[in-house]
Amino acid sequence: MLLAAGVPGRAQVLEHERFSDARTLSQRPDLGVQRQAGEVRRVPDPLGGGREVHRFAAGPKGRAGKDRVGKAALIVPFATLRPGDHLAVRAEVMIPEGAPRNSVHLMDIECKHCGQRGNPGLRLYLRDGRLRIDRKKIGGRHAWAYDRTPRLAPGRWVEIVWSLRLGLEGDPTLSIVTLDGRTVLRNRGRNLPDLPPDRAGVDRLQIGVTANSNPGEAVVYLRGLELTRQRADR
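Quick caveat: nothing in here was measured; it's all calculated off a predicted structure.

Trainee: What is the right way to look at the layout of surface pockets in this model?
Mentor: Gaps between atoms show up when a probe of the same size as a water molecule is rolled over them. The calculated volume of the largest pocket comes to roughly 390 Å³. Those elements that place two or more of their residues in the lining of the largest pocket are β7 (104–110), β8 (121–127) and β13 (202–212). At four residues, the largest contribution of residues to the lining of the largest pocket is made by β13. For the lining of the largest pocket, the per-class residue count stands at four nonpolar, nine polar and 11 charged.

Spelled out as structure tokens, the structure:
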């Protein structure tokens, strides 16, 4: 998988990883698991087909302690990407009928080794079924959102692709999100922590239910996952 069309700049592909099911993803030696009032399991595809998928179930806000949100996610680390580099994540996800599609975070692209508390980064989440990008952890004043985009349909597999050209204020950044091949978000602006260029970066993906702010349990299934990292020509 190459980065989405429209991402500017030439780049050298450093790594392309494709995991077709939960079994192959679980074989990644450095794969981590995050649980906070949550559960991560490998189960048969609930819609059939014989593939093994990951099931993430995160409890409601407050179950793990006052004001603490439920979490159930995988942590996929990678070599640090800096301003000008590219990252693309393609995921097949499914939210079952009856599970919340509001205030559910699906992906975090973070920096664990930037020297800041809280692992700052971008978060892709659902608000009323629509995908948004939360920039609060990197100091963004507002989310990137379009209120006319289609809602994520429950009870079926959908494809989400998140492509980023990384950068700081004034850099030619770009963030593109597609849902089943249709562009639902396309924004420019700083998408890395506000740090000097030699420290600003991202080095891991969290995927699943990275945060659940609902009064009830949130459930997400993950089937296929692809990551492409590219180093910009310098």
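Trainee: Even after reading the chapter, I still don't get the nonpolar core, so can you show me in this structure?
Mentor: Buried together is how nonpolar side chains tend to be arranged in soluble globular proteins. In terms of nonpolar packing, the biggest core is built from 59 residues, with M107, I160, L205 and L225 touching the most fellow members. The leading source of residues in this core is strand β14 (residues 218–232), at seven residues. Not counting the four nearest positions on each side in its chain, I160 is found in contact with V89, R90, A91, V93, L106, M107, L124, L131, L152, V177, T178 and L179.

Trainee: I keep staring at the confidence of the model for the protein and nothing clicks. Help me out?
Mentor: It should be kept in mind that the predicted coordinates are not to be read in detail where pLDDT is low. Taken residue by residue, the protein gives an average pLDDT of 90. The fraction at 70 or more is 93%. Note that pLDDT drops below 50 for residues 4–9; the model gives that stretch 17 contacts with residues more than four away or on any other chain.

Trainee: Hey, could you run me through unusual backbone geometry in this one?
Mentor: The phi torsion of most residues other than glycine is negative, and most of the peptide bonds are trans. Phi at A37 takes a positive value of approximately 55°, unusual for a residue other than glycine. Residue position: A37 is located in the loop between β2 (32–36) and β3 (38–44). Residue A37 is classed as partly exposed on the basis of its relative accessible area of 32%. Residues other than glycine seldom take positive phi values, yet S103 does so here, at roughly 55°. Tracing the backbone through its elements, the reader meets S103 in the loop between β6 (86–94) and β7. Overall, S103 belongs to the buried group, its relative accessible area being 18%.

Reading the values: rules and limits
- Residues numbered from 1 in each chain as written.
- Predicted model: local features only at pLDDT ≥ 70, side-chain atom pairs only at ≥ 80, totals over all residues.
- Heavy atoms only, no water.
- 1 Å grid on protein atoms, 1.4 Å probe; cavity = no way out; pocket = protein on both sides within 12 Å on 5 of 7 lines; lining within 4 Å.
- Points joined across faces, edges and corners; volume = space filled by probe spheres on them.
- Helix = DSSP H or I, 4+ residues; strand = E, 2+ residues; numbered from the N terminus.
- Nonpolar A, V, L, I, M, F, W, Y, C, P; charged D, E, K, R; others polar.
- Core = buried A, V, L, I, M, F, W, Y, C linked by side-chain atoms within 4.5 Å.
- Buried < 20%, exposed > 50% of the residue type's maximum accessible area, 1.4 Å probe, protein only.
- Contact = heavy atoms within 4.5 Å.
- pLDDT = per-residue confidence, 0-100.

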